Amino acid sequence: MRKVLNKIMNLVSRCYITFSNSASKCQTLQIKMSGGEQKSDVEHIEPYGFTSRPLDGAEAVALFLDGDKSHGVVLVAGDRRYRIKSLKKGEVAVYTDEGDYIIFNRNNEINVKTKKFIVNADDAIELNTKSLTVNASSGTQFNTPSLKSSGEIEDKTSTISDIRTVYNGHTHNETNTVTRNPNHKMG
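Source: prediction; values computed, not measured.

Undergrad: Would you explain the overall build of the chain in this entry?
TA: When helices and strands are counted, the chain shows two helices and 11 strands. Moving toward the C terminus, one meets the helices and strands of the chain in the order α-β-β-β-β-β-β-β-β-β-α-β-β. Here the chain has a C-alpha radius of gyration of 28 Å; the compact-globule value for 187 residues is 16 Å, and the former is much larger. Taken over the C-alpha atoms alone, the chain extends approximately 105 × 35 × 25 Å along its principal axes. Long-range pairs, those at least 24 residues apart, make up 32% of the contacts in the chain between residues at least 6 apart in sequence. Of the accessible surface of the chain, which amounts to about 14,600 Å², a share of 52% is contributed by carbon and sulfur atoms. Distance between charge centroids for the chain: 6 Å, based on 25 positive and 22 negative side chains.

Undergrad: How should I be thinking about the nonpolar core in this particular structure?
TA: What tends to happen in soluble globular proteins is that the nonpolar side chains get buried as a cluster. In terms of nonpolar packing, the biggest core is built from 11 residues, these being Cys15, Ile17, Leu29, Ile31, Met33, Val42, Ala58, Ala60, Ala62, Phe64 and Val74. Only strand 1 (12–21), strand 2 (28–33) and strand 4 (59–64) provide two or more residues apiece to this core. Dropping the residues within four chain positions of it, Leu29 is found in contact with Ile17, Phe19, Ser20, Lys39, Ser40, Asp41, Val42, His44, Pro54 and Val74.

Undergrad: Would you mind showing me how to read the packing of aromatic side chains here?
TA: Centre distance and the angle of the planes are the two values used to describe a pair of aromatic rings. Applying the stated criterion to the full structure yields one aromatic pair. Aromatic side chains Phe117 and Phe142 sit 6.2 Å apart centroid to centroid with 75° between the ring planes, which places their arrangement in the edge-to-face category. Taken together, the residues Phe117 in strand 8 (residues 109–119) and Phe142 in strand 9 (residues 131–142) connect sequence positions 25 residues apart. Look at Phe117 and you get partly exposed, because its relative accessible area is 22%. Residue Phe142 is classed as partly exposed on the basis of its relative accessible area, which comes to 44%. The ring of Phe64 carries the charged tip of Lys69 above its face, separated from the ring centre by 5.6 Å.

Undergrad: I keep staring at a nonpolar patch on the surface and nothing clicks. Help me out?
TA: A contiguous nonpolar patch, built from Val4, Ile8, Leu11, Val12, Ile45, Val61, Leu75 and Val76 and spanning about 640 Å² of accessible area, is present on the exposed surface. For the nonpolar patch, the secondary-structure elements that each account for two or more residues are helix 1 (2–9) and strand 5 (72–78). Counting through the fold element by element, Ile45 comes out in the loop between strand 3 (38–44) and strand 4.

Undergrad: Please explain the environment of Lys148 as it appears in this structure.
TA: Among the secondary structure elements, Lys148 is positioned in the loop between strand 9 and helix 2 (160–169). The sequence separation of Lys148 and Lys116 amounts to 32 residues, and the corresponding C-alpha distance is 21 Å.

Undergrad: Help me understand the sheet that holds strand 1 in this model?
TA: Adjacent strands of a sheet pair through backbone hydrogen bonds, lying either parallel or antiparallel. Spatially, 1-2-3-5-4 is the arrangement adopted by the five strands of the closed barrel, whose pairing is mixed. Shown here is a sheet whose adjacent strand axes are inclined to one another by a mean of 50°, direction ignored. Pairing of strand 1 with strand 4 involves five bridges; the strand directions are antiparallel. Across the sheet, the residue bridging to Val12 is Leu63, located in strand 4.

Undergrad: Got a minute to help me understand the sheet that holds strand 7 (residues 101–105) in this structure?
TA: Strand order in the open sheet formed by four strands is 6-7-8-9, and the pairing between neighbours is mixed. This sheet does not close on itself; its edge strands, each paired only once, are strand 6 (92–95) and strand 9. The sheet shows a mean angle of 10° between the axes of neighbouring strands, taken without regard to direction. In terms of strand pairing, strand 7 meets strand 8 through five bridges, oriented antiparallel. Residue pairing in the sheet places Asn105 in a bridge with Glu109 of strand 8.

Undergrad: What is the right way to read the side chain of Gln27 from this model?
TA: Here Gln27 shows up in the loop between strand 1 and strand 2. Within polar-contact distance, the side chain of Gln27 engages the backbone oxygen of Ser52 at 3.0 Å. If we ignore the near neighbours within four places in the chain, the residues touching Gln27 are Ser20, Asn21, Ser22, Val42, Glu43, His44, Glu46, Ser52, Arg53 and Pro54.

Analysis parameters
- Residues numbered from 1 in each chain as written.
- Predicted model: local features only at pLDDT ≥ 70, side-chain atom pairs only at ≥ 80, totals over all residues.
- Heavy atoms only, no water.
- Helix = DSSP H or I, 4+ residues; strand = E, 2+ residues; numbered from the N terminus.
- Rg over C-alpha atoms; globule rule 2.2 N^0.38 Å.
- Contact = heavy atoms within 4.5 Å.
- Areas by Shrake-Rupley, 256 points an atom, 1.4 Å probe, with all protein chains shown as cover.
- Lys, Arg positive; Asp, Glu negative; His and termini not counted.
- Charge placed at Lys NZ, Arg CZ, Asp CG, Glu CD.
- Core = buried A, V, L, I, M, F, W, Y, C linked by side-chain atoms within 4.5 Å.
- Buried < 20%, exposed > 50% of the residue type's maximum accessible area, 1.4 Å probe, protein only.
- Phe/Tyr/Trp six-rings, centres within 6.5 Å; stacked < 30°, edge-to-face > 60°.
- Lys NZ or Arg CZ within 6 Å of the ring centre and 35° of its normal.
- Patch = residues over 30% accessible without salt bridge, like charges linked within 9 Å, V, L, I, M, F, W, Y side chains within 5 Å.
- Salt bridge = Lys/Arg side-chain N within 4 Å of Asp/Glu carboxyl O.
- Pairing = 2+ DSSP bridges.
- Axes fitted to C-alpha atoms, helices over the stretch in contact; angles between N-to-C directions.
- Polar contact = N/O pair within 3.5 Å; in protein donor to acceptor, adjacent residues only side chain to side chain.

See below:
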């Protein structure tokens, strides 16, 4: 009976990460479990389409099939030191330890905070939302041959439509003669 009880108690273990290796097909972790027991090369099973490399000190939950600690898998890793707090019900966030984040807020709004925002795409990226806010402290870069907008583009003082109206209607006062409007209008 004691043997069965030990196997049950060894099925799941709370641990923290002491090292990670993301070079292989399945990321492996070194973990330290309660009681000080350490395991190396424990596979970190991640959800399809999502990956992250946890920092040393992040927490994890490891599963040991049949209660045999010779081969385990980490099912989830989290890091309360950097987790975004106070999300509203239904909101989702992706974040880093450096303070960058993407938050899918309520009311179809997305909030992005990063030092530099770069978009490189060989194929189409489509983002559908009511409102997108990007806070980039050092710059925003789009590597694209064409940038289109179906609506207005504006800065602190005007819009592209305002600039177009001024350009298309402007004249020059040259030697007491006012020139005509430009031959080539901004479309």
